[in-house]
Amino acid sequence: FVGHPVTEINKDVQVGRTFRLRWGIKQDTPLICILPGSRLSEIKYLLRHFEEAVSLLAIRFTSIKVVIPTLPHLSEILRLRTADWPVSVIIIQEEDKFGAMAASNAGLAASGTVALELAVFRVPNVIAYRVHPLTALIVKLLVQIKYANIVNVLLGREAIPEFIQNKCTGPLLFLAIEKLLIDKAVATEQQLAMRAAIDQLTNSGILPSEIAAKAILKQALVLVQPKN
């Protein structure tokens, strides 16, 4: 094990402030980073529940804004699907994702690698996922792990709330995110858990790419040495 590449992400806190300045978002404006997945099927099953949660948040926090990092081929789809949301929605490209995360007060994301990226930036968040009921049944029969979120898998407990299948509803997502925004103790507890999880993905403080490169170089030198 050489470590996880997510630990090499540049965590400069200034990128969050820069992101808010660029998009005209005041520092005291609640910003939610929404990551509905990179596949159309994920957007199909998740976005309407995310919209319902955001609609409830907009009633509770009238100045709230939403940012959605996505891939180029999904930008227009998401722009159309969020056009009638009751909040200001900013659609950005993948390269601005880390700035958006660093600027956000909370996150709502599909289960996946983004869970670790949110953890790197210590963004209190909620993970959700829905699939076709038949797919869910097959997964239930085959998958042995207890959690979906990689952070929770690493820690062996549900440090980050998971809303999978029937639990993935707008009202439940709203309540979980609301708690993160109004209860600093809950948000801080999540951030401490994220740090503990990311620490497990490091290797003596050395960059994973550096360890991997040295291992490859060592093996390459063995292979090219002349045989007696």
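Structure report, in brief.

What counts and what doesn't
- Residues numbered from 1 in each chain as written.
- Predicted model: local features only at pLDDT ≥ 70, side-chain atom pairs only at ≥ 80, totals over all residues.
- Heavy atoms only, no water.
- Helix = DSSP H or I, 4+ residues; strand = E, 2+ residues; numbered from the N terminus.
- Buried < 20%, exposed > 50% of the residue type's maximum accessible area, 1.4 Å probe, protein only.
- Areas by Shrake-Rupley, 256 points an atom, 1.4 Å probe, with all protein chains shown as cover.
- Pairing = 2+ DSSP bridges.
- Axes fitted to C-alpha atoms, helices over the stretch in contact; angles between N-to-C directions.
- Lys, Arg positive; Asp, Glu negative; His and termini not counted.
- Salt bridge = Lys/Arg side-chain N within 4 Å of Asp/Glu carboxyl O.
- Contact = heavy atoms within 4.5 Å.
- Expected span 1.5 Å × (residues − 1).
- Arc of directions from axis to C-beta.
- Right-handed = clockwise from strand over helix to strand, strands pointing away.

Points about the overall build of the chain
Summing up its helical and strand segments, the chain has 10 helices and 6 strands in all. Dimensions of the chain, computed from the C-alpha atoms along their principal axes, are close to 75 × 45 × 40 Å. Counting every position in the chain, which comprises 228 residues, the buried fraction comes to 42%. Per element, the accessible surface of the chain, about 12,600 Å² overall, is 59% carbon and sulfur.

A few points about the sheet that holds strand S6 (residues 162-164)
Strand order in the open sheet made by the 6 strands is S3-S2-S1-S4-S5-S6, with parallel pairing throughout. In the strand order of this sheet, the two ends are held by strand S3 (88-93) and S6, each with one partner. Neighbour-to-neighbour, the strand axes of this sheet turn through a mean angle of 20°, independent of strand direction. Relative to S6, strand S5 (residues 125-129) runs parallel, the two being bridged by 3 bridges. Within S6, the residue paired with Ala128 across the bridge is Phe163.

Some details on the side chain of Arg20
The topology assignment puts Arg20 in helix H1 (residues 14-23). As a buried residue without a salt bridge, Arg20 has its nearest oppositely charged side chain in Asp28, at a separation of 6.4 Å. When near neighbours in sequence (up to four residues on either side) are disregarded, Arg20 contacts Ile25, Lys26, Gln27, Thr29, Leu31, Ala103 and Asn105.

Here's the deal with the side chain of Thr82
Secondary-structure assignment places Thr82 in the loop between helix H3 (72-81) and S3. If sequence neighbours within four positions are ignored, Thr82 has contacts with Ile68, Val89 and Ile91.

Looking at the environment of Gly170
Along the chain, the position of Gly170 falls in helix H8 (residues 170-182). You can call Gly170 buried: its relative accessible area is 0%. Here the alpha-carbon distance between Gly170 and Ile34, two residues 136 residues apart in the chain, equals 13 Å. Aside from chain neighbours lying at most four places away, what touches Gly170 is His49, Glu52, Ala53 and Leu56.

Considerations on helix H9 (residues 184-199)
The first and last C-alpha atoms of H9 sit 23 Å apart over 16 residues, in line with the 22 Å expected at 1.5 Å per residue. Among the residues of H9, Ala187, Gln190, Ala193, Met194, Ala197 and Ile198 are the ones counted as buried. Looking down the long axis of H9, one finds its buried residues gathered within 135° of arc, a one-sided arrangement. Residues of H9 that are exposed and angled more than 90 degrees away from the buried face: Lys184, Ala185, Glu189, Leu192 and Arg195. Looking at the buried residues of H9, the elements they touch are helix H5 (114-120), S5, helix H7 (150-155) and H8.

Some details on the pairing of strand S2 (residues 65-70)
For S2, a buried count of 5 out of 6 residues is recorded, marking the element as mostly surrounded by other parts of the structure. Looking at chain direction, strand S1 (residues 31-35) and S2 are connected through 3 bridges and run parallel. Bridge pairing links Cys33 to Val67 in S2. Once you follow S1 into helix H2 (residues 40-60) and on to S2, the crossover reads as right-handed. Relative to S3, S2 is paired through 6 bridges, and the arrangement is parallel. Note on S3: the bridge partner recorded for Val67 is Ile90. The parallel pair S2 and S3, bridged by H3, forms a crossover whose chirality is right-handed.

Any functional reading would require information that these geometric values do not contain.
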